[in-house]
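# Examining the three-dimensional arrangement
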Amino acid sequence: MKDLILSTHQIIPFSDLLSLDNNVANEFVPNGLYISIDTEKKIVYSLVQEDSRIVLISFSCDADPMSRVVSQIAELPINPLTEKVVGFKYLPESETIFAATESGNLYTLSFDTSLGFNTEKFFNLIGEFEYGIKACEWSPDEEFLTIISGQNKIIILTSEYDLFFEGYPLSNKNKSSDFVSVGWGKKETQFHGKEGKLAAQKGLEPINSRLSKNEDKSTKIAWKSDGSLFSVSFYNDDERSIQVFSKEGAYVCSGETIECLEQNLAWKASGSILCSTEKLDHVYRVVFYEQNGLRHYEFPLPTYIESVDGLFWNSTSTILAIVAKTKSSSSLLPETIGTPHS
């Protein structure tokens, strides 16, 4: 596998992205809970909080930001003071808006191409999970909805919301011994080059995992772009772990243990690279895993970054967007990723 290198990086404050002044941007960003984009029609859908309401809004990507018309479509029937949204997505195949809450409710809002969204403009409750929902994510082809329940169980629903798979609670007991199970070989037998040869001969030294200062005990799900695998980053027994599963829910492997792994998670759009973040006392960095769970590469973040809230690849896998916070603002860091040899 070719090594990844960091070619360029820049920092874009959210106020610049929104083409608004800092005061307006700082008021807008915290209220935006989720965003999903209809790439064909270039329409942005977002759930925003207005006092004690959660409202679905939309606006065109093409419009001038200063003259952009924001349409209020519907209200999600929950109280944001006591309820949390854990999933939101526009589904182009079925032309619906999907939303899920931490208490375990699934909602949809149907779209009629002739009339627009349903004339009543309300979300329909289509299902409930007794033990709540920690995280959920649709597969790229919208065939499966993966849910991590309040009991840490993996539940997979079909596009019609029928039960496809229900597994045992996630456990972080599966470690590096699982790497060989998917055919890439053990870490100590892989090619390391001159610098890693002696280390490989000594074998693997155990790493004592500890929690990052930014640990929030959340659960994240990320699907591989071809829909064949999904990964889960979860907190359990004072430890954070990453595990990979097939689209049918079968366990594949666990990510190599690192010292201060964080909850961020994203698959590279092309290839088989999974990325997350690690925050040590002396360095904050983005870390990469191979598909078999072995740590592959890393690069450091600027020292003024305090926390990372999300990782997002572009469709060609050349840019990794990092949503980050400093002491004074929230920013987007587009990192250009390349290879040393083409």
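Residues numbered from 1 in each chain as written. Predicted model: local features only at pLDDT ≥ 70, side-chain atom pairs only at ≥ 80, totals over all residues. Heavy atoms only, no water.

From N to C terminus, the protein includes 3 helices and 26 strands. Counting the 342 residues in the protein, one finds 46% classified as buried. When contacts within the protein are restricted to residue pairs at least 6 apart in sequence, long-range pairs at least 24 apart make up 44% of them. Only carbon and sulfur atoms are counted for the fraction: they give 50% of the accessible area of the protein, which is about 17800 Å². (Helix = DSSP H or I, 4+ residues; strand = E, 2+ residues; numbered from the N terminus. Buried < 20%, exposed > 50% of the residue type's maximum accessible area, 1.4 Å probe, protein only. Contact = heavy atoms within 4.5 Å. Areas by Shrake-Rupley, 256 points an atom, 1.4 Å probe, with all protein chains shown as cover.)

Attention shifts here to the pairing of strand β12 (residues 133–138). Strand direction decides the pairing type here: β12 and strand β13 (residues 144–149), joined by 5 bridges, are antiparallel. Among the inter-strand pairings, Ala135 is bridged to a residue of β13, identified as Ile148. Taking the residues that link successive antiparallel strands as the turn, the β12-β13 hairpin has 5 residues, and the phi of Glu142 there is positive, at about 65°. (Pairing = 2+ DSSP bridges.)

It is worth spelling out the environment of Ala100 at this point. Within the secondary structure layout, Ala100 lies in strand β8 (residues 96–101). For Ala100, a relative accessible area of 0% corresponds to the buried category. Separated by 13 residues in sequence, Ala100 and Gly87 have C-alpha atoms that sit 4.8 Å apart. The residues touching Ala100, leaving out its near neighbours within four places in the chain, are Lys84, Val85, Val86, Gly87, Asn105, Leu106, Ile133 and Cys136.

Sheet architecture is open: 4 strands sit in the order β16-β17-β18-β19, paired in antiparallel fashion. The two strands at the open ends of the sheet, each matched to only one other strand, are β16 (220–223) and β19 (251–254). This sheet shows a mean twist of 25° between the axes of neighbouring strands, independent of strand direction. Relative to β19, strand β18 (residues 239–246) runs antiparallel, the two being bridged by 3 bridges. The residue of β19 that forms the bridge with Gln243 is Ser254. (Axes fitted to C-alpha atoms, helices over the stretch in contact; angles between N-to-C directions.)

The next thing to look at is the sheet that holds strand β23 (residues 295–300). Within a sheet, each strand pairs with its neighbour through backbone hydrogen bonds, oriented either parallel or antiparallel. The sheet built from 4 strands is open, its strands ordered β20-β21-β22-β23 with antiparallel pairing. Single-partner strands in this sheet number two, and they are β20 (266–267) and β23. For β20 and strand β21 (residues 274–279), the ladder comprises 2 bridges, and the chain directions are antiparallel. Within β21, the residue paired with Ala266 across the bridge is Cys275.

Take the pattern of salt bridges next. Think of it this way: side chains of opposite charge can pair up when their charged atoms draw near. Evaluated as defined, the whole model comprises 14 salt bridges. Residue Asp226 is joined to Lys224 by a salt bridge in which the shortest nitrogen-to-oxygen separation is 3.9 Å. Accessibility expressed as a relative area gives 9% for Lys224, which makes it buried. Several salt bridges share partner residues, and in doing so they unite Arg210, Lys213, Glu259 and Asp281 into one network. (Salt bridge = Lys/Arg side-chain N within 4 Å of Asp/Glu carboxyl O.)

With that settled, consider the packing of aromatic side chains. Using the criterion set out here, one finds 12 aromatic pairs in the structure. Geometrically, the ring pair formed by Trp138 and Tyr161 is edge-to-face, given 5.7 Å between the ring centres and 85° between the ring planes. Placement of Trp138 in strand β12 and of Tyr161 in the loop between β14 (153–158) and β15 (163–169) is noted, with a sequence separation of 23 residues between them. When its relative accessible area of 5% is taken as the criterion, Trp138 is described as buried. Among the aromatic residues, those joined into a cluster by ring pairs are Trp223, Phe230, Phe245 and Tyr251. Above the ring of Trp313, the side-chain terminus of Lys268 is found at 5.8 Å from the ring centroid. (Phe/Tyr/Trp six-rings, centres within 6.5 Å; stacked < 30°, edge-to-face > 60°. Lys NZ or Arg CZ within 6 Å of the ring centre and 35° of its normal.)

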